[in-house]
Amino acid sequence: MIQAPTKTTDLLAVTGLGVAYGDPAAPVRAVVDVDLTVGRGESVGIVGESGSGKSTLLRALLGLHGSGAAVSGGIAVDGVQLAHDPAAMRRVRGGTVSMVFQDPVNAFNPAYTLGSQLGRLVALHRPELGREQRRAHVAAMLDRVGIPAHRTRSHPFEFSQGQLQRCMIAAAFLAGRPALVLADEPTTSLDVTVEAQIVELIRDLRAELGMSMVLVTHNLGLVADLCDRVHVMYAGRFVEHTTIRGLFDSPAHPYTRALLKSAPDLDRVRESRGSRLPTMRGGVPDLAAPPPGCPFAPRCDEHLGEVCDRDLPELLPVPLMPAARTAHGTAPAGQASDTLPRPGDVRARCHRHAASALSGGTAVEGVKA
Amino acid sequence: MNAPDAAEPVIAADNLSVRFPVHTGLRERLRTGRRQLHAVDGVSLAVRASETVALIGESGSGKSTFGKALLHLETAHAGAIRFHGDDVTAATGDRLRELRRRRQLVFQNPYAAINRRRLIRDVIAEPLRYHQLGRADDRRARVHDLAGLVGLSPEHLDRYPHELSGGQLQRVVIARALALEPEFLVADEPTASLDVSVGAQIVNLFADMRDRFGLALLYISHDLPTVAHLADRIAVMYLGRIVESAPAAELVENPRHPYTQVLLASVPRRDPGHRRTAPARGEVPDAADRPSGCHFRTRCPLAMPVCAEQVPAAQVHGEHMVACHAAT
Ligand SMILES: Nc1ncnc2c1ncn2[C@@H]1O[C@H](COP(=O)(O)OP(=O)(O)OP(=O)(O)O)[C@@H](O)[C@H]1O
Ligand SMILES: Nc1ncnc2c1ncn2[C@@H]1O[C@H](COP(=O)(O)OP(=O)(O)OP(=O)(O)O)[C@@H](O)[C@H]1O
Ligand code: SF4
Ligand SMILES: [Mg+2]
Ligand SMILES: [Mg+2]
C-alpha cells in the first residue's frame, strides 16, 4: 500500500478503515481499506456514486456508525487513537470535530424550538457565556447563514429544507470551536446564491480560525470552490486521489471520467434539449458480493480484458499527464483549483495506470476522455 | 393513461396563496398585532400533459409550500386549484382520494416521507395497496420493475430505510411516486442527493414518462443546468411570488429579471473563461417582513424609487413574463 507520508502534525489520520454492515457471514462492506489524512487548515473533498460509502465513512470517523456496523482500522485525531476508545471518541465529537449531517430534518429534535436546541449546543461548548450572551451568540450564528433572529422561536417543521440545512451548518461551524468539520452534502437544498454565501462563510472561517474540513458532496462546483484535493470513492473504496485541477483537467480513473461526462451543461442547453443525458450503463455492484476484480469493471468503457475482471487494482501513483483539456472542459475558476498536480499527487486504482506505470509511458496515452 | 386534450392544463393554480403564523413575543404582538408569513402569495401557474414546468428560486421562497398546496397537502388560504378544468380547491372524501391517486409528490426530504419500520418493498408498494390495485403477486412484480427503473437493486428491497444511503432512499421515494402512473407529479428536488450520473438516470426517466405517458411534471429544483435541459418552461420564485417565467432556453439565454440574472451568473460553468460572480448584495429579507413594492428591491442593482412604492405588474411579451419595473 502506498500512502502519503503521514506527518505527525496531521489533524486527522485514518488508516485501513473498514466498515461492514449486517450479517458477519455475508457483510455489506460499505467502506474498505480507506486511508485518509487531513492536515491542519486543509480541506479535503470526497465525491462518488450514491451508495458508495461516503456517509458511512464520515459517521464511522465519529463513532456514529450504529451497533449493526463493524469498524476496523485506525482513526487518529491530533495524534490520539480513537478507533477503539469510545470515551476518547465522545470527547472529540462535537468539540474538536463536528459534523454536518446529510439529513437536516432528523438532525434536529422535532419537539423543541430551534433557538433552544442551538442554545443548548452553545452552552455545552461555550460554558463561559451567560444567558443573554448565549442568546446573542445564537442570533449571530443564524444571522451568518441568513436566518432572521425571530426564527429561533420556530420548530424544525416550520423551516424550509434549505433553511434547516443552514441551521445545521451554523450548529456545526459556529456553536463550538471545532478544529475539523465533517460536512456531508451540506448544500444540497440551497440555491446557487445562498450556496455562494455559505461558501464565503466557510472560506472566512477557514481563514480566521484555520479550520479543517472533510467535504462529502456530489456537487463538483462546490469541491472546486472549497477543497484543496479530492478523493473519488466507488463501491466502498477510494479509486482516485487528485488535486482539484487534476479532477477537472485530467481525471485519471475511468469512473471519474464517466462521472464528469454525465452533468448537463448550461452553455449547451439548446443542443442537449430533447435528447437524453449520458449515463453509465449498469449499476453499482452488490457490496455483499462484489466482483473479484476491479469493482468498476462491469461498467467500464476502458476495460482491459481479463486482468480487470480478475485482479483488484491497487491505488498507485499515476505518472503526470499533460494538462490536457478533456471533453468536459476545465476546472471552474475557483480559489484552490489553480494548482496543477505535482508528481505523486495523483493516485488511481486502475489497471490502465498500473500497466503504464510499469512501462514508464505517459499514463493516459490512448485513453479517450 | 389516455392523452387528454392537449390545450387544457392538467393542473392549474389561480392566484394561490398560503400563509403561516409567525411566533412573536407577547410585547411585539401587542404592538403590531399577529404577523403572518406569506409563503406563497398569489401564484398562478399551469402544467399541461407532456409538459415539464420547472420552479426555481431562493431557499425559503415558497417552492415546496406551493407544490404541496397544489396537491392539497398544505391548505391554500386563497385562490383556486383546477384539475382538468374542474375547480377542486375544496375537494374532500372520495374525490380527494381519486385526486391523490392521479397526482403524486416526490418529497424533498425522503427521510421525512417514509415509515421507518417498513421494508423498502412495502414502502414502494404502499400506494398500490392503499388504492387496492393489482393482486399481491402483480404488486410484487411491479415493485421490482419500479426499483429497476430508478436504479435500485433487488437486494435493496429487503432492507429497512435506515439501511440505505441518502441517494438510494431518494430513489425509493421516486419509485413510490411513479407506482400509480400519475397524470401529474410534483418532484421536489428529486436529484439533490444524487451524484450526477444517477441524477442523469432519474432525469431521463422523467423525460421518458413525459414522452411516453404524457406525464405533466412540476419540477422543483435549484439545479439550473438540469432544469434547463429537462423543462419546457421555467418559473422563478422570489419570496412567495413568481417574478419571471419563460420557455427554458429563452430564460437561460435572455433572463430579464435582475434576480434571475444574479441566479444564472452564480452557476458554475465549465467554460474556462467564466468566473462565478458574487451573490446578490445584501441580506436575504425576512419572509415574515417582506420589503414593500418589489420584494427584491433591497438587493437589486437596478432599484429605483418606484420599486419601493409599487408592486411591479406582470409584463407579458409572447411567452415571456417578467415582473420588474426596470424591465421594458
Ligand atoms: N409549516 C410551516 N409553518 C410555518 N412556516 C413555514 C411552514 N412551512 C414553511 N414555512 C415557511 O414558509 C417559507 C417557504 O417555505 P418552503 O419550504 O416552501 O420554501 P422552499 O422554497 O421550498 O425552500 P427550500 O429551497 O429551502 O426548500 C419559509 O420561510 C418557511 O420557513
Ligand atoms: N445499516 C445498514 N445496513 C446495511 N447496509 C447499509 C446500511 N447503511 C448503509 N448501507 C449500505 O452501505 C452503502 C453505503 O451507504 P452510504 O450511506 O455510506 O452511501 P453514500 O456514499 O453516503 O451514498 P449517498 O450519496 O446516496 O448518500 C450503501 O450501498 C447502503 O445501501
Ligand atoms: S481496472 Fe480495468 S475495469 Fe477497472 S477502471 Fe481500470 S480499466 Fe476499467
Ligand atoms: Mg450519503
Ligand atoms: Mg423546499
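Residues numbered from 1 in each chain as written. Chains lettered and ligands numbered in written order. Predicted model: local features only at pLDDT ≥ 70, side-chain atom pairs only at ≥ 80, totals over all residues. Heavy atoms only, no water.

This brings us to the overall build of chain B. Secondary structure summary: chain B contains 12 helices and 12 strands in total. Here chain B has a C-alpha radius of gyration of 21 Å; the compact-globule value for 328 residues is 20 Å, and the two agree. Overall, chain B is about 65 × 55 × 45 Å in size when its C-alpha atoms are taken along their principal axes. Classification of the 328 residues of chain B by burial places 56% in the buried group. Put simply, of all contacts in chain B between residues at least 6 apart along the chain, 65% involve residues at least 24 apart. When the accessible surface of chain B is summed, it comes to about 13400 Å², and 49% of that surface belongs to carbon and sulfur atoms. Of note, chain B has its 41 positive side-chain charges centred 6 Å away from the centre of its 38 negative side-chain charges. (Helix = DSSP H or I, 4+ residues; strand = E, 2+ residues; numbered from the N terminus. Rg over C-alpha atoms; globule rule 2.2 N^0.38 Å. Buried < 20%, exposed > 50% of the residue type's maximum accessible area, 1.4 Å probe, protein only. Contact = heavy atoms within 4.5 Å. Areas by Shrake-Rupley, 256 points an atom, 1.4 Å probe, with all protein chains shown as cover. Lys, Arg positive; Asp, Glu negative; His and termini not counted. Charge placed at Lys NZ, Arg CZ, Asp CG, Glu CD.)

Turning next to the packing of helix H3 (residues 114-125) of chain A against helix H5 (residues 161-174) of chain A. Between two packed helices, both the angle of their axes relative to each other and the distance between the axes serve to describe the pair. All names here are of chain A. For the pair H3 and H5, interaxial distance at closest approach is 11 Å and the crossing angle is 15°. In terms of their interaxial angle, H3 and H5 are classed as roughly parallel. Once H3 is placed against H5, the crossing between them reads as right-handed. Between H3, through Leu114, Leu118 and Leu121, and H5, the contact on the second element is made entirely by Leu164, Cys167 and Ala171. Considered class by class, the residues forming the contact of H3 with H5 number six nonpolar, no polar and no charged. (Axes fitted to C-alpha atoms, helices over the stretch in contact; angles between N-to-C directions. Parallel < 35°, antiparallel > 145°, perpendicular 65-115°, else oblique. Left-handed = near helix turned anticlockwise from the far one by under 90°. Nonpolar A, V, L, I, M, F, W, Y, C, P; charged D, E, K, R; others polar.)

Soluble globular proteins tend to bury their nonpolar side chains together. Of all hydrophobic cores here, the largest spans 70 residues; its most connected members are Phe206 and Ile234 of chain B. For this core, the element with the highest residue contribution is helix H8 (residues 196-213) of chain B, accounting for eight residues. Within the second largest apolar cluster, 60 residues are counted, among which are Val194, Met213, Leu222 and Ala235 of chain A. (Core = buried A, V, L, I, M, F, W, Y, C linked by side-chain atoms within 4.5 Å.)

Take the coordination of the magnesium ion (ligand 4) next. Residue and element names in this part refer to chain A. Protein-derived coordination of the magnesium ion (ligand 4) comes from Ser55 (OG) and Gln102 (OE1), at a distance range of 1.9 to 2.2 Å. Placement of the pair is serine 55 in helix H1 (residues 54-61) and glutamine 102 in the loop between strand E6 (97-100) and H3, with a sequence separation of 47 residues. As far as the burial class goes, serine 55 and glutamine 102 line up, both buried. (Donors = N, O, S within 2.8 Å, 3.2 Å for Na, K, Ca; no water.)

Once that is clear, we can look at the coordination of the magnesium ion (ligand 5). All names here are of chain B. Ligation of the magnesium ion (ligand 5) by protein atoms is provided by Ser64 (OG) and Gln108 (OE1), these donors lying 2.0 to 2.2 Å from the ion. Linking serine 64 in helix H2 (residues 63-70) with glutamine 108 in the loop between strand E6 (103-106) and helix H4 (120-130), this pair joins segments that are 44 residues apart in sequence. Given the relative accessible area of 18%, serine 64 is considered buried.

Every contact between the two is made by 71 residues of chain B and, on the other side, 62 residues of chain A. Across the interface of chain B and chain A, roughly 5600 Å² is buried in total on both sides, 50% from carbon and sulfur atoms. Linking chain B with chain A are two salt bridges, by the criterion used here. The closest approach of N and O atoms between arginine 276 of chain A and aspartate 211 of chain B, which form a salt bridge, is 2.9 Å. Run the count over chain B and chain A and you get 17 residue pairs in polar contact (both at pLDDT 80 or more). Contributing elements (two or more residues each) for the side of chain B that touches chain A: helix H7 (166-178), H8, helix H9 (224-230), helix H10 (248-253) and helix H11 (258-265) of chain B. No other element matches the 10 residues that H8 of chain B contributes to the side of chain B that touches chain A. Taken together, the residues of the side of chain B that touches chain A break down into 28 nonpolar, 23 polar and 20 charged. (Buried area = accessible area lost by both parts, 1.4 Å probe. Salt bridge = Lys/Arg side-chain N within 4 Å of Asp/Glu carboxyl O. Polar contact = N/O pair within 3.5 Å; in protein donor to acceptor, adjacent residues only side chain to side chain.)

Residues and elements named next belong to chain B. Strand order in the open sheet made by the four strands is E2-E1-E4-E5, with antiparallel pairing throughout. Edge positions in the sheet fall to strand E2 (36-47) and strand E5 (86-87), since each of these pairs with one other strand and no more. With eight bridges connecting them, strand E1 (residues 11-21) and E2 associate as antiparallel partners. Residue pairing across strands places alanine 13 opposite leucine 45, the latter belonging to E2. (Pairing = 2+ DSSP bridges.)

Not every one of the 22 residues close to ligand 1 is listed here, only the nearest: Arg151, Ser160 and Gln163 of chain A together with Gly60 and Thr65 of chain B. Near ligand 1, the surrounding residues belong to chains A and B. At 3.2 Å from an oxygen atom of ligand 1 is found a main-chain nitrogen or oxygen belonging to serine 61 of chain B. Here an oxygen atom of ligand 1 sits 2.9 Å away from a polar atom, N or O, in the main chain of glycine 62 of chain B. Surface burial for ligand 1 is 93%, taken as the share of its 640 Å² of free accessible area covered by protein chains. Within the residue set of the shell around ligand 1, elements represented by two or more residues are H5 of chain A together with E2 and H2 of chain B. (Near = heavy atom within 4 Å.)

What follows covers the site of ligand 3. Within the structure, ligand 3 sits among 13 residues, and Cys294, Cys300, Cys308, Cys350 and His351 of chain A are positioned closest to it. In the shell around ligand 3, the residues fall into eight nonpolar, three polar and two charged.

What follows is about the sheet that holds strand E12 (residues 347-349) of chain A. Residue and element names in this part refer to chain A. Here eight strands make up an open sheet; going across it, the order is E6-E7-E8-E3-E9-E10-E12-E11 and the pairing mixed. Strands with a single pairing partner mark the edges of an open sheet, and in this sheet they are E6 and strand E11 (315-317). Direction aside, the axes of adjacent strands within the sheet are offset by 20° on average. Both strand E3 (residues 43-48) and strand E8 (residues 212-216) contribute to a ladder of four bridges, which runs parallel. Residue pairing for E8: glycine 45 is matched across the bridge by leucine 215. Packing of H1 onto the sheet brings it into contact with E3, E6, strand E7 (180-184), E8, strand E9 (229-234) and strand E10 (237-243), and relative to E7 it is tilted by some 150°. Sitting on the sheet, H5 touches E6, E7 and E8, and the angle it makes with E6 is about 170°.

As a further point, take the state of the cysteines. By definition, a disulfide links the sulfur atoms of two cysteine residues through a covalent bond. Residue and element names in this part refer to chain B. Within the structure shown, the criterion is met by zero disulfides over all chains. No disulfide involves cysteine 294; its nearest neighbouring cysteine sulfur is the one of cysteine 307, lying 6.1 Å away. Note on cysteine 294: relative accessible area 11%, which makes it buried. (Disulfide = S-S within 2.5 Å.)

Time to look at the confidence of the model for chain A. Interpreting fine coordinate detail is not advised for predicted regions of low pLDDT. Residues and elements named next belong to chain A. Confidence in the prediction of chain A, expressed as mean pLDDT, is 85, and 87% of residues score 70 or more. Averaged pLDDT values over the elements of chain A bottom out at 70 in helix H12 (residues 351-359) and peak at 97 in E8. Counted against residues more than four places away or in other chains, residues 1-7, with its pLDDT under 50, gives 12 contacts. (pLDDT = per-residue confidence, 0-100.)

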